[in-house]
Amino acid sequence: MGGHIKRGRRAGRTDLLAVSGFIVASLIVINLPAGPQRDVGHFIRQTVLRPFIGVNALLTRTQARARDFDTLRAQMDTTMALVAAQRTLAEENRQLRGVLSLKDRAPSRFVSATVIRSGSSGSASVFHLDAGSIDGVRPFNAVITERGLLGQVQEVFPEYSLAYDWSHPDFRVSAMTPDGRGHGLVEAARGAFREQDRLVLGGTAYLSDLEPGTELLTSGRGGAFPRGIRIGSIVGVAETSAGWSKSYYVDPVVYPGAVTHAVADIGVAGGMLAALADSAAAPSREGSR
């Protein structure tokens with residue numbers, strides 16, 4: 001009887017020491033600079049959390065493959081109808097560019113990836129892509145679904161990438177209306193609950209009058225996002241600023257929590273910002289040698 005009590009006390013002390021160690025380690029990591037924090041996070045994801053992330057990725061892929069067959073068939077039929085209706089579009093575009101002496105448009109290139117959510121507190125707007133630098137993914141690449149824009153790649157590792165969706169407070173994208181007359185900057189507006197997160201179009205002219213339901217597309221300005229990706233549609237006026245500008249609430253076409261599959265645009269648009277970032281970092285690396 002006494003032996004059982006002693007073993008129970010030893011186990012209790014061991015558990016207490018383990019919990020205390022985890023708390024101390026957490027406090028140390030939280031107070032580290034951004035660079036070491038990133039390295040520690042990468043090490044933990046590749047060691048302790050790797051089995052859990054792998055299981056989560058497997059479940060996500062299984063759910064994606066178990067989609068309703070009728071829905072996929074309807075999407076395929078719609079795509080076939082669009083392709084059939086636009087068979088001559090490429091030829092007409094080539095002839096028109098020849099008449100106007102314009103260069104050919106840079107081709108888009110995409111990398112298919114599974115969207116994996118960690119589910120941990122504080123990372124609701126961040127997700128994993130199971131594609132990394134060995135697949136051609138680079139920082140600032142746009143992440144797109146069949147419906148429209150999901151977010152942007154931020155950190156890239158050899159086998160995976162970290163990206164944030166449009167609900168992240170740092171998200172920004174230059175937008176325009178399909179006719180090109182309305183322009184502005186779309187950013188996230190956090191709600192009291194995550195279900196109340198929404199997008200806001202700001203920087204539009206005060207005299208502009210965008211009707212509810214007006215579609216918004218990426219304008220391509222800044223080089224981060226390709227031109228013509230769907231963002232959402234106007235819901236209504238959010239705010240007016242002293243007769244100078246007007247902002248609108250935007251209903252997004254992509255709801256991040258429902259996404260299990262996306263593509264990273266690794267074409268020229270995302271590569272431009274990545275190349276600029278690399279060139280800006282080059283002098284500092286040379287100076288540190």
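Residues numbered from 1 in each chain as written. Predicted model: local features only at pLDDT ≥ 70, side-chain atom pairs only at ≥ 80, totals over all residues. Heavy atoms only, no water.

On to the overall build of the protein chain, then. From N to C terminus, the protein chain includes six helices and 12 strands. Looking at the protein chain residue by residue over its 289 residues, the buried ones come to 30%. The contacts in the protein chain between residues at least 6 apart in sequence include a share of 56% that link residues at least 24 apart. Accessible surface for the protein chain amounts to roughly 18400 Å². Of this, 59% is attributable to carbon and sulfur atoms. (Helix = DSSP H or I, 4+ residues; strand = E, 2+ residues; numbered from the N terminus. Buried < 20%, exposed > 50% of the residue type's maximum accessible area, 1.4 Å probe, protein only. Contact = heavy atoms within 4.5 Å. Areas by Shrake-Rupley, 256 points an atom, 1.4 Å probe, with all protein chains shown as cover.)

Moving on: the side chain of Ser247. The topology assignment puts Ser247 in strand 11 (residues 245–252). Look at Ser247 and you get buried, because its relative accessible area is 11%. If sequence neighbours within four positions are ignored, Ser247 has contacts with Val200, Leu201, Gly202, Thr204, Val237, Ala238 and Glu239.

This part takes up the pattern of salt bridges. One pass over the full model with this rule turns up three salt bridges. With its nearest N and O atoms 2.7 Å apart, the salt bridge here joins Arg230 to Glu215. Taken together, the residues span a long stretch of sequence, with Arg230 in strand 10 (residues 230–241) and Glu215 in strand 9 (residues 215–218) at a distance of 15 residues. By relative accessible area, which is 38% here, Arg230 ends up partly exposed. By relative accessible area, Glu215 is classed as partly exposed at 27%. (Salt bridge = Lys/Arg side-chain N within 4 Å of Asp/Glu carboxyl O.)

Let's shift gears to the sheet that holds strand 3 (residues 142–144). Hydrogen bonds along the backbone pair up the strands of a sheet, which may run parallel or antiparallel. As summarised here, the arrangement of the six strands in space is 1-2-5-4-3-12, forming a closed barrel in which the pairing is antiparallel. Neighbour to neighbour, the strand axes of the sheet diverge by 40° on average, direction disregarded. (Pairing = 2+ DSSP bridges. Axes fitted to C-alpha atoms, helices over the stretch in contact; angles between N-to-C directions.)

Taking burial as the measure, the seven residues of strand 1 (residues 110–116) include five buried ones, the bulk of the element. Pairing analysis gives five bridges linking strand 1 to strand 12 (residues 261–265), with the strands arranged antiparallel. Looking across to strand 12, one finds that Val111 is bridged to Ala264. In the sheet, strand 1 pairs with strand 2 (residues 126–129) via two bridges, with the strands oriented antiparallel. Bridging from a neighbouring strand, Val115 pairs with Leu129 of strand 2.

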